[in-house]
Amino acid sequence: MVIFLLRGIVGYAQRYLGAKLEEGIIKEIRDKLYTRIHALPLSYFVKEHSGHLIARATSDVDGIRRGIKDGFLPIIRETMLILVYGGIAIYLSPMLFLYTVAIFLPIFLIIQRLSMKLRHESERVQNRMAKVTRALSETFGGIKVIKAYAAEAEDKRRFDKLTLAHMRTMLKFERLSLIGTPLAEFMFALAIAVMLILGAYAIFIKHVLTASEFILFIGAIVALVQPVRNIAQANSLLQRAINVTDRVYRVMELPCERTHGGIPLGGLKECIVFDNVHFAYDTEYVLVGVSFSIHKGEKIAIIGTSGVGKTTIVDLLLGFYEPTHGRIIVDGYDLREIDLRSWRKRIGVVTQEPILFNTSIIENIALGEPTVDIKRVKRAAMLAHADEFISKLPDGYNTVIGERGITLSGGERQRLALARAIYKEPEILILDEVTAYLDRESAQKIEAALEEVLKGRTALIITHDESTLKLVDRVLELRDGRIYSI
Ligand SMILES: Nc1ncnc2c1ncn2[C@@H]1O[C@H](COP(=O)(O)OP(=O)(O)OP(=O)(O)O)[C@@H](O)[C@H]1O
Ligand SMILES: [Mg+2]
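First, a word on what this report is: a plain description of the structure on this page. (Residues numbered from 1 in each chain as written. Chains lettered and ligands numbered in written order. Predicted model: local features only at pLDDT ≥ 70, side-chain atom pairs only at ≥ 80, totals over all residues. Heavy atoms only, no water.)

### Points about the coordination of the magnesium ion (ligand 2)
- Of the protein atoms, only Thr311 (OG1) and Gln352 (OE1) coordinate the magnesium ion (ligand 2), at distances of 1.9 to 2.2 Å. One end of the pair, Thr311, is in helix α8 (residues 310-317); the other, Gln352, is in the loop between β6 (347-350) and α10 (361-365), with 41 residues separating them in the sequence. (Donors = N, O, S within 2.8 Å, 3.2 Å for Na, K, Ca; no water. Helix = DSSP H or I, 4+ residues; strand = E, 2+ residues; numbered from the N terminus.)

Here is the structure:
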């Protein structure tokens, strides 16, 4: 009884500790990956689909764990067995063992080839799954439009195609992995038959082996079959794991944004200069020689038709992209040499599309601050004219606003984003069409607030609003990729 109890406890402790170690490693990999994802340049997120990165951090990391548990460890265990049985066989008859290897080697090579194919298929399965994930997240993001345009059937068809493609590749993968084991078995049986003939030759014609030794030899070889079979199975898991590990590490090795290192910026002392800045996202130039400067404390507005490159200028200024030619100079330093984090800490930005998180209003406003000053949050919300609607929410400032702020109106989101920029009390304020979503009355309120907010700050404002234009010192127009003074 006691022994059973002890055995149970020890077994539990062993397994639990094993699982804890395993999960610990997996968590570590996931967290590392997350840090890495934060460090990737914006261009990566624009080009790559989020499904890819999500698959890396979820199913791929899980694949690594399975590979270690059901692939790597069994292979080690089975290899030990193979060494023991192989050792016995060699001891009995080295010559016959050589023949055995000669017969089994081609089998091994065939299995090896099969594994390579499996690995390839597994990658395809993963890619197809990423497409399914992506379609799902797109549907969630765009559900309003899908419903409004009665595009459900079309969307469903698109999704069906993806799941069908995934199923087909998955089946192909399964077929291959299912073929592996019986094929190996068949080849082993064939090999054993050849062995028997060879054995008979050695015993009765050459007289180099006794019958009992041969039986022992065959016993050792037969005992080898199971471990080799297990290895074939574990191998397919390991191949998958190698595959996904490779992909996870490919993300880890992607070039990072240079956010750390470089010259730390203490604060804007003189001016920001765009010096003959050219920029192309791909091959077509959006900006062809943009030159202007913003002095400390100056407020500049940029106007220009839609798609002319105004938001691009903002993104360049934030260091999301680097100019293709020309330079952006801050207090005499090229932005490329400046520590980007220290630079971005100086800037409060309201992006054209307000970006909110599925957390409370407070956390949304005090984004990136480890300690929250509630008074400051309220003051910022007041200035942004967000306080009125926030206090009407069920939990006030503690209301959780849903994914992408889906429970708020466009104008409310915009005002919340503005409150966030104000809370940061930044030296430099960048506003990209903040009043675009607002009615005349709300826009006027914000403009009145802006006058207050802009005091003592350096600002770059993108707007078409006549009354906002009155708040700035200079208006520049972006036309045909160049800046003109107005
Ligand atoms: N990530 C991107 N990859 C490729 N092209 C892009 C990317 N972002 C923007 N563009 C293109 O660059 C051009 C300038 O875009 P930008 O967003 O800067 O215009 P904008 O002046 O801010 O327009 P709007 O007034 O409509 O906001 C557009 O032709 C746009 O299609
Ligand atoms: Mg824009």
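What follows continues from the structure just given.
### Quick word on the pattern of salt bridges
- In the structure shown here, the tally under the stated rule is 28 salt bridges.
- Close ionic contact of Glu257 with Arg344 constitutes a salt bridge, the shortest N to O distance being 2.8 Å. Of the two residues, Glu257 sits in the loop between α7 (211-252) and β1 (271-280) while Arg344 sits in helix α9 (residues 340-344), which places them 87 residues apart along the sequence. Grouping residues by exposure puts Glu257 and Arg344 together as buried.
- With a closest N to O distance of 3.1 Å, Arg346 and Glu427 form a salt bridge. Linking Arg346 in the loop between α9 and β6 with Glu427 in the loop between α13 (410-423) and β7 (428-432), this pair joins segments that are 81 residues apart in sequence.
- Classification of Arg346 by relative accessible area gives partly exposed; the value is 22%. (Salt bridge = Lys/Arg side-chain N within 4 Å of Asp/Glu carboxyl O. Buried < 20%, exposed > 50% of the residue type's maximum accessible area, 1.4 Å probe, protein only.)

### Re helix α3 (residues 50-92)
- Between its first and last C-alpha atoms α3 spans 59 Å; for 43 residues at 1.5 Å apiece the expected length is 63 Å, and the two agree.
- At Arg56, α3 is bent by approximately 40°, the largest bend along its length. (Expected span 1.5 Å × (residues − 1). Bend = angle between axes of the 7 residues up to and from the residue.)

### Examining the packing of helix α6 (residues 152-205) against α7
- The geometry of α6 relative to α7 is characterised by a closest axis approach of 11 Å and an angle of 165° between their N-to-C directions. Relative to α7, α6 is oriented roughly antiparallel. Crossing of α6 over α7 shows right-handed handedness. Mapping the contact onto sequence places Thr181, Glu185, Phe188, Ile192, Met195, Leu196, Gly199 and Ile203 in α6 and Ala211, Phe214, Phe217, Ile218, Ile221, Val222, Val225, Val228, Arg229 and Gln233 in α7.
- Considering only residue class, the contact of α6 with α7 consists of 13 nonpolar, 3 polar and 2 charged. (Axes fitted to C-alpha atoms, helices over the stretch in contact; angles between N-to-C directions. Parallel < 35°, antiparallel > 145°, perpendicular 65-115°, else oblique. Left-handed = near helix turned anticlockwise from the far one by under 90°. Contact = heavy atoms within 4.5 Å. Nonpolar A, V, L, I, M, F, W, Y, C, P; charged D, E, K, R; others polar.)

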